[in-house]
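Structural characterization, general
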Amino acid sequence: MLEKNNIHTIKIEDLGHSGEGVGRIEGFTVFVEGGIPGDTLKIKTINVKKNYGTGKIIEIVEPSEYRTNPLCSLANICGGCQIMHMDYQAQLDIKGKRVKETLERIGKIHTNVLPTLGMENPYEYRNKAQFPVGIVKGAAIFGFYKKGTHDIIDTDYCHIQAPINKEVVEAMKEYIMDYKVSVYDEKTRKGLIRHLVTKVGFTTEEVMVVLVTNGKELPYKEELVKIFTKKVKGLKSIVQNINDRNTNIIFGRETIAIFGENKIVDYIGDLKFHISAQSFFQVNSLQTKVLYEKALDYAELKGVESVFDIYCGIGTISLFLARKAKKVIGVEAVEAAIEDAKENAKINNIHNAEFYVGKAEEVIPRFYTEGIKADVVVVDPPRKGCEEEVLETIVKMDPQRVVYVSCNPATLARDLAYLQERGYETMEVQPVDMFPHTAHVETVVLMSRK
Ligand code: SAH
């Protein structure tokens, strides 16, 4: 029997969904934060449930051959990167292995999984940063949350963010300290500045700064603009977002432009996109291009096809597809995203893409009854995967190919199995590393009609 507060030696054999090491003690599965496959660890059991437990590292008895010194000194404390202490190639390999094993275990799909496409330089890749703000001993601090808590770690440089964030944080500290601007306290719900959010165009180097405030009144606006424009190269936009609710959700409903417009421009490949404070945009611009090109490649378009892009967001994949297809129809539940998608089509002079707002599980069956069909279907659903109504309708529409973009191998496996049982075959599986040093894995799959 595994018991709490006992010391054990454990060999880590795998990596869990959140990047924790996984091993076994007396038949129990034990999750160890910070452990990586190949490690032999001395651990203390913290939590013991009926058939699994969690443990804390007391000592690394023998380090895994994949263990490296993380570039970031906060890697072990910060909740942002879970596997930065693992060699990058080993990260890519283990992500591929996880996709393969999940497809086999949940979907009973035995297929070749291509090596994960990684980044040449897996640092400074994020185009969006969200810093909570706090005060410690009278000084403003910015950073990220400590693992599993809401304690802020003061971070002046994050290795996976765009480097310009350093100047943005400096500017923000200067504004708060020089003008004695108050900072929000989660407990008392008093104080003004809640979050600092930045968005950076990787191609254009345009920068947007968003101040999320608890209340509308923002003091010393002119001075604020002066500080930021002096310090931050490429600054195109400062916006205030008001969030006075007691919630973990960062953004509130109202957004006011303070400097420039609520907009920056960036490119994925040669397609141009308008990005606003709240709009969704893939966070890794370079790998997004790799992912979309793969999806486009799998779609094998010759210019005569009608294509559906289901769960299209702001229409990014749709526009990639539109240039090679006869027509693309994008479907998405969030109305603001569909407005962005239409705008993005316009600024790229793309006229063969149409966008519809609504739940895919309602819109797609309605299309079918109206006789609107697709030759190729692309889906890119949220973590919970596709609703069965969507898959059922795809099968009825009988497209030649289905391209599935997924951020969750478990629901991907379930959905591929559904399609596989109904006339489709999994042809190729390609994991793409969109989030180096974290446990997330993105996959694009080609299915063809048998
Ligand atoms: N393909 C886009 C966005 C993918 S994220 C891109 O690459 O940028 C998944 C999208 O599905 C989100 O935009 C989310 O708003 C949308 N979504 C979630 N549930 C949905 C549903 N039931 N019907 C339609 N869209 C949905």
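All figures in this text were calculated on a predicted structure; none of them were measured in a lab.

Description of the domain arrangement of the chain
Each assigned domain of the chain is listed here: domain 1 (7–62), domain 2 (91–120 + 284–449) and domain 3 (128–276). A separation of 32 Å is found between the C-alpha centroids of domain 2 and domain 3. Contacts between the two partners involve 15 residues from domain 2, matched on the other side by 11 residues from domain 3. When domain 2 packs against domain 3, the two sides together hide about 1,200 Å² of surface, and 67% of this comes from carbon and sulfur. Three residues, S285, I347 and N348, lead the burial of domain 2 against domain 3; their summed loss comes to 34% of the area buried on that side. Our enumeration of links across domain 2 and domain 3 arrives at 1 salt bridge. Across the pair D270 and R323 runs a salt bridge whose closest N-O atoms are separated by 3.1 Å. Counting residues per element, the ones that place at least two in the side of domain 2 that touches domain 3 are α4 (285–299), α5 (316–322) and α6 (335–347). Of the residues contributing to the side of domain 2 that touches domain 3, the split by class is 5 nonpolar, 6 polar and 4 charged.

Concerning the pattern of salt bridges
The tally for this structure, following the rule as stated, stands at 20 salt bridges. Notably, a salt bridge pairs R67 with D39, separated by 2.7 Å at the nearest N-O pair. One end of the pair, R67, is in the loop between β5 (52–62) and α1 (88–107); the other, D39, is in the loop between β3 (28–32) and β4 (40–48), with 28 residues separating them in the sequence. A relative accessible area of 22% places R67 in the partly exposed class. Each member of the salt-bridge network shares a partner with another, and the members are D14, K97 and E101.

Looking at the UniProt feature "domain: TRAM" (unreviewed entry) in the chain
Mapped onto this numbering, the UniProt entry gives "domain: TRAM" (unreviewed entry) at residues 1–59. Here residues 1–59 is 0% helix and 61% strand, with 22 Å between the C-alpha atoms at its ends.

Describing the sheet that holds strand β1 (residues 7–15)
Strand order around the closed barrel formed by 5 strands is β1-β2-β3-β5-β4, with mixed pairing between neighbours. Ignoring strand direction, the axes of neighbouring strands in this sheet form an average angle of 50°.

Notes on the sheet that holds strand β6 (residues 128–136)
Pairing within the open sheet is mixed, and its 7 strands lie in the order β8-β7-β6-β9-β10-β11-β12. On the outer flanks of this sheet lie β8 (152–154) and β12 (254–259), each paired with one strand and no other. Pairs of neighbouring strands in the sheet enclose a mean axial angle of 35°, with direction left out of account. Inspection of the sheet shows strand β10 (residues 207–213) paired to strand β11 (residues 235–242) by 7 bridges, in the parallel sense. Directly across from M208, in β11, lies its bridge partner S237. Sheet strands touched by helix α2 (residues 165–178): β6, β7 (139–145), β8, β9 (193–200) and β10. Its angle to β7, the strand with the most contacts, is close to 140°.

Section: the pairing of strand β16 (residues 327–332)
Within β16, 5 of the 6 residues are buried, which leaves the element mostly enclosed by the surrounding structure. Pairing analysis gives 5 bridges linking strand β15 (residues 306–310) to β16, with the strands arranged parallel. Bridging from a neighbouring strand, I310 pairs with V331 of β16. Handedness of the crossover joining β15 and β16 through α5: right-handed. By the bridge criterion, 5 bridges tie β16 to strand β17 (residues 353–357) in an arrangement that is parallel. The residue of β17 that forms the bridge with V331 is Y356.

Considering the packing of α1 against helix α9 (residues 409–420)
Interhelical geometry of α1 versus α9 gives an angle of 50° and a closest axis separation of 8 Å. It follows that α1 is oblique to α9 by the angle criterion. Once α1 is placed against α9, the crossing between them reads as right-handed. Between α1 and α9, the contacting residues are V99, T102, L103, I106 and G107 on the first element and P409, A410, L412, A413, R414, L416 and A417 on the second. Its residues assigned to classes, the contact of α1 with α9 comprises 9 nonpolar, 2 polar and 1 charged.

Reading the values: the criteria
Residues numbered from 1 in each chain as written. Predicted model: local features only at pLDDT ≥ 70, side-chain atom pairs only at ≥ 80, totals over all residues. Heavy atoms only, no water. Domains from an automatic or database assignment. Contact = heavy atoms within 4.5 Å. Buried area = accessible area lost by both parts, 1.4 Å probe. Salt bridge = Lys/Arg side-chain N within 4 Å of Asp/Glu carboxyl O. Helix = DSSP H or I, 4+ residues; strand = E, 2+ residues; numbered from the N terminus. Nonpolar A, V, L, I, M, F, W, Y, C, P; charged D, E, K, R; others polar. Buried < 20%, exposed > 50% of the residue type's maximum accessible area, 1.4 Å probe, protein only. UniProt positions renumbered as here; feature names shortened; annotations may be inferred. Pairing = 2+ DSSP bridges. Axes fitted to C-alpha atoms, helices over the stretch in contact; angles between N-to-C directions. Right-handed = clockwise from strand over helix to strand, strands pointing away. Parallel < 35°, antiparallel > 145°, perpendicular 65-115°, else oblique. Left-handed = near helix turned anticlockwise from the far one by under 90°.

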